[in-house]
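# Descriptive analysis of the structure
In case you want the letters, here they are:
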Amino acid sequence: LYLHNYTNTEDVDLWKSRGEVSGSDVVGFMTPWIAQAGVPFVSVAETKDGTHLEQKRFFSNPKEAKAYTDQTIWPIPLLSGGQLSKDLLDEPTATPPNTTTARPLLLNQGRTGYYLTNYTAEHTTRLASQVTAGDMAVIDRLGLLSDSLSMSEAGLQSYLESLTLLDAYREEESYAVWGAITSHLGTLKMFAGDDEALIHNVRSFIKKLVYGQYIRLGWNPIEGEPYFDGLLRTMAIAHMAYAEDKEVTGKLRDWFDA
């Protein structure tokens, strides 16, 4: 504990000390994360032999990704909740067998891994069904949606795939998750631009997505309700106003006139 007391150290000394205490190769694990720039993403594709995984450096700008030729490798904890026979992806690609197929594979469960995940359209649809059924933890619902938006913006996933996933969040009650949803909707609005037909479709989509929370929360605070429900109420009304729901816009105009 006092090996470096009152002396200069480097980051590797911390990893060595932790490795000695834990009996693990902490230096080997941490060095790629500290020494290399960027953040990885893991692509997931199911095959007859198992689940094919591939890691690459993530670029939000597709042009930068095409210009990047180096092979950067990280030791990535898969955090599959025991769904894969492999716990660590420390090579460019791997195809570990699945230990169970009862549920669609979800990586980075608990969101403690510092990486993004890119699923196929079919796999995303299966995960969306879990979201709809309320069969996924809040932190994982948030992470899944955030990663999908990042993949779409980077040109690694179609926006149709991302919207299909987003549509599964109609019954979402978490204010934190709605923060990610709002980011999605902001991108939709930007894409619509000045195209009246697209704007109409975006407003219709938003109304269907938000309507459940608008009905659940109403206009006025409910005695004993969670603090974040109050914040979500304001967000839901704002989205409904953008969607030009007649009841909402009419009430807001009445309040303004009063």
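Report on the accompanying structure. Since we're looking at a predicted model, the values are computed, not measured. (Residues numbered from 1 in each chain as written. Predicted model: local features only at pLDDT ≥ 70, side-chain atom pairs only at ≥ 80, totals over all residues. Heavy atoms only, no water.)

Following the criterion strictly, the structure yields four cavities of 30 Å³ or more and no others. Here the largest cavity is characterised by a volume of approximately 50 Å³. For the largest cavity, the full set of lining residues is Tyr159, Ser162, Leu163, Leu166, His184, Thr187 and Leu188. Those elements that place two or more of their residues in the lining of the largest cavity are helix 6 (159-166) and helix 7 (175-192). Of the residues in the lining of the largest cavity, the class split is four nonpolar, three polar and no charged. (1 Å grid on protein atoms, 1.4 Å probe; cavity = no way out; pocket = protein on both sides within 12 Å on 5 of 7 lines; lining within 4 Å. Points joined across faces, edges and corners; volume = space filled by probe spheres on them. Helix = DSSP H or I, 4+ residues; strand = E, 2+ residues; numbered from the N terminus. Nonpolar A, V, L, I, M, F, W, Y, C, P; charged D, E, K, R; others polar.)

Our focus in this paragraph is the packing of aromatic side chains. Tallying each qualifying case throughout the model produces ten aromatic pairs. Judged by centre distance (5.2 Å) and plane angle (75 degrees), the rings of tryptophan 219 and tryptophan 255 are edge-to-face. Taken as a pair, tryptophan 219 in the loop between helix 8 (196-217) and helix 9 (227-242) and tryptophan 255 in helix 10 (residues 246-257) lie far apart in primary sequence, 36 residues in all. Cluster of aromatic residues (ring-pair linked, three or more members): Tyr211, Tyr214, Trp219 and Trp255. One residue, arginine 57, lies across the ring of tyrosine 68, its end atom 5.1 Å from the ring centre. Over the ring of tyrosine 242 we find arginine 203; its NZ or CZ atom is 5.2 Å from the centre of that ring. (Phe/Tyr/Trp six-rings, centres within 6.5 Å; stacked < 30°, edge-to-face > 60°. Lys NZ or Arg CZ within 6 Å of the ring centre and 35° of its normal.)

With respect to the helices and strands, glutamine 130 occurs in helix 4 (residues 121-132). When residues no more than four places from it in sequence are discounted, the contact partners of glutamine 130 are Arg103, Pro104, Asp135 and Met136. (Contact = heavy atoms within 4.5 Å.)

Turning next to the environment of tyrosine 119. Within the secondary structure, tyrosine 119 is located in strand 6 (residues 116-119). Residue classification places tyrosine 119 among the buried residues on the basis of a relative accessible area of 6%. Considered as a pair, tyrosine 119 and serine 60 are 59 residues apart in the sequence and their alpha carbons are 17 Å apart. Discounting chain neighbours no more than four positions away, the residues touching tyrosine 119 are Val44, Leu105, Leu106, Leu107, Thr124, Leu127, Leu144, Gln157 and Glu161. There is a polar contact of 2.9 Å between the side chain of tyrosine 119 and the backbone nitrogen of leucine 107. (Buried < 20%, exposed > 50% of the residue type's maximum accessible area, 1.4 Å probe, protein only. Polar contact = N/O pair within 3.5 Å; in protein donor to acceptor, adjacent residues only side chain to side chain.)

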